[in-house]
Amino acid sequence: MGYGLGANSPIILSLGKNNFEALVNRHGQHVRWRIAKKCPCVTENNRPDLHCQKCGGTGDIYDYQREYNDVFRATVRDNIISVPEELSDATILEVYNAYGQQYQFCRCGDFIQITGLAIPDNQLVDVRVCVPIVKRIENVALEKVGGGYYRVPGILTPPSKLEGVFYQAAGDVIAAEGLKDSDDNQVNALGFRRDTVLTDSETETITAGSVDYVMPVKFIVLSQNLSKEDQALVNAHTGDAVCTYPYMYNLSVNDVLTVLSGTMTHKIVFEKREDNLDDTIPEFFVAKVDSIETKAASFKEGEDFILIGTNKLHWIGNQPGAGDMMSIIYRYHPTYRVAKNIPMLRTSEDQRMPRKVILELYAAFGEAKRVNQNG
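Residues numbered from 1 in each chain as written. Predicted model: local features only at pLDDT ≥ 70, side-chain atom pairs only at ≥ 80, totals over all residues. Heavy atoms only, no water.

Positive phi values are uncommon outside glycine, yet Asn46 reaches one of about 65 degrees. The class for Asn46 is partly exposed, based on a relative accessible area of 48%. Even without a glycine there, the phi angle at Asp78 is positive, about 55 degrees. Residue position: Asp78 is located in the loop between strand 3 (67-75) and strand 4 (80-82). (Buried < 20%, exposed > 50% of the residue type's maximum accessible area, 1.4 Å probe, protein only. Helix = DSSP H or I, 4+ residues; strand = E, 2+ residues; numbered from the N terminus.)

Looking now at the sheet that holds strand 26 (residues 325-332). The four strands lie next to each other as 20-26-22-23, forming an open sheet whose pairing is antiparallel. Pairing within the sheet leaves two strands with one partner each, and these edge strands are strand 20 (264-271) and strand 23 (298-299). (Pairing = 2+ DSSP bridges.)

Position of Pro48 among the secondary structure elements: in the loop between strand 1 (29-38) and strand 2 (60-63). Taking relative accessible area as the criterion, Pro48 reaches 27% and is therefore assigned partly exposed. Taking the C-alpha atoms as reference points, Pro48 and Asp60, separated by twelve residues in sequence, lie 8.6 Å from one another.

Quick look at the sheet that holds strand 7 (residues 105-108) now. The strand order across the open sheet built from three strands is 4-8-7, with neighbouring strands paired in antiparallel fashion. A single partner strand is all that each edge strand has here, and the edge strands are strand 4 and strand 7. Each neighbouring strand pair of the sheet contributes to a mean axis angle of 25 degrees, computed without reference to strand direction. With four bridges joining them, strand 7 and strand 8 (residues 111-114) adopt antiparallel strand pairing. What sits directly across from Phe105, in strand 8, is Ile114. (Axes fitted to C-alpha atoms, helices over the stretch in contact; angles between N-to-C directions.)

All right, on to the nonpolar core then. Core analysis: the largest hydrophobic core is formed by 41 residues, its most contacted members being Ile81, Phe219, Tyr249 and Leu251. Among the elements that take part in this core, strand 9 (residues 124-132) stands out by supplying four residues, more than any other. (Core = buried A, V, L, I, M, F, W, Y, C linked by side-chain atoms within 4.5 Å.)

With that out of the way, let us pick up the pairing of strand 25 (residues 312-315). Residues Lys312 and His314 of strand 25 are buried on one face, and the alternating residues Leu313 and Trp315, pointing to the opposite face, are buried as well. Direction of pairing for strand 21 (residues 278-280) relative to strand 25: antiparallel, over a ladder of three bridges. Across the sheet, the residue bridging to Thr280 is Lys312, located in strand 25. Note: strand 24 (residues 305-308) against strand 25, four bridges, orientation antiparallel. Across the sheet, Ile306 pairs through a bridge with His314, a residue of strand 25.

Within this structure, the stated rule accounts for ten aromatic pairs. Grouped by ring-pair contacts, the aromatic residues Trp33, Tyr68, Phe219, Tyr245 and Tyr249 constitute a single cluster. (Phe/Tyr/Trp six-rings, centres within 6.5 Å; stacked < 30°, edge-to-face > 60°.)

For strand 16 (residues 206-214), the tally of buried residues reaches seven of nine residues, placing the bulk of the element in the interior. Note that strand 12 (residues 172-177) and strand 16 share five bridges and pair antiparallel. When the sheet's bridge partners are listed, Ala176 is paired in strand 16 with Val211.

Spatial relationships are all this shows, so hold off on functional conclusions.
Written out as structure tokens, the structure reads:
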């Protein structure tokens, strides 16, 4: 007699959608995720143009996943299906039962009305939806940061619930239209970094007609205390961490993940370049500058400089002289590159399963790579 679970065993192994989402909620980190796409400069031999202005010679350009498809199960009453609040902005694609029979419908606000063949009350149906990831706010006043940068207020994750820990991760602005100053003059957007817009203006007040943005996602990124299976995967692919993520996202090789829920401390010395007002710290995502010193003086954030964009020092007061060596201590968000996409079944026992990729630290900084620019 064989042992194990038979085809008709009443035992169900459950790591369904609700359980996995609860797991991510408790143990996941907010992550900035950029999709890597091949630059058109790459040849058939997979060689990039080292002088390409579009990709900085890396062969990769970066974008965002802008939508995903999902399915929710609902009970029908009086030929009406209630749409969950978290899917209020989703597009309804189809409604079908366990046998694959599809039903005609129309969307009425937070409800779906079955318009064709009637469905018996309390019958379960599946609803397939397309969920947008890009969000939009309209008629928003931007907050001046300095150096031509303006912050879009309010696009932050909820505060961390961990005792003794506080952080809020900002979304990424990917478009801003209708920028105007207080005199109704047009202002041009030159670029986007994190939740800020780089403009060609230094006016005190700028309003935007609309701003499109993408919020951080929650993935589980682990680099310590790995299971034997995960450690074996990391060793096999010479990685630094494992990322576990929900089934509806599509990570692939060379995608870039920045962990926003934690920082690492780094200490460097580099030369002040000329007498310009901006200096670039050679790191993709600087969270905070703790100290800047030269042989002759020390400099304070908010009085002598501010941190703008993702990694730039903008001098607003005293500054080092050209050629002075600056000793800087700063904190940064670790950034990873997807090294290997692990093939995994998306379903098991009709349940949707999480997926995994192997990550390696993206430590080779290069401003031309545009990893820390939005779009």
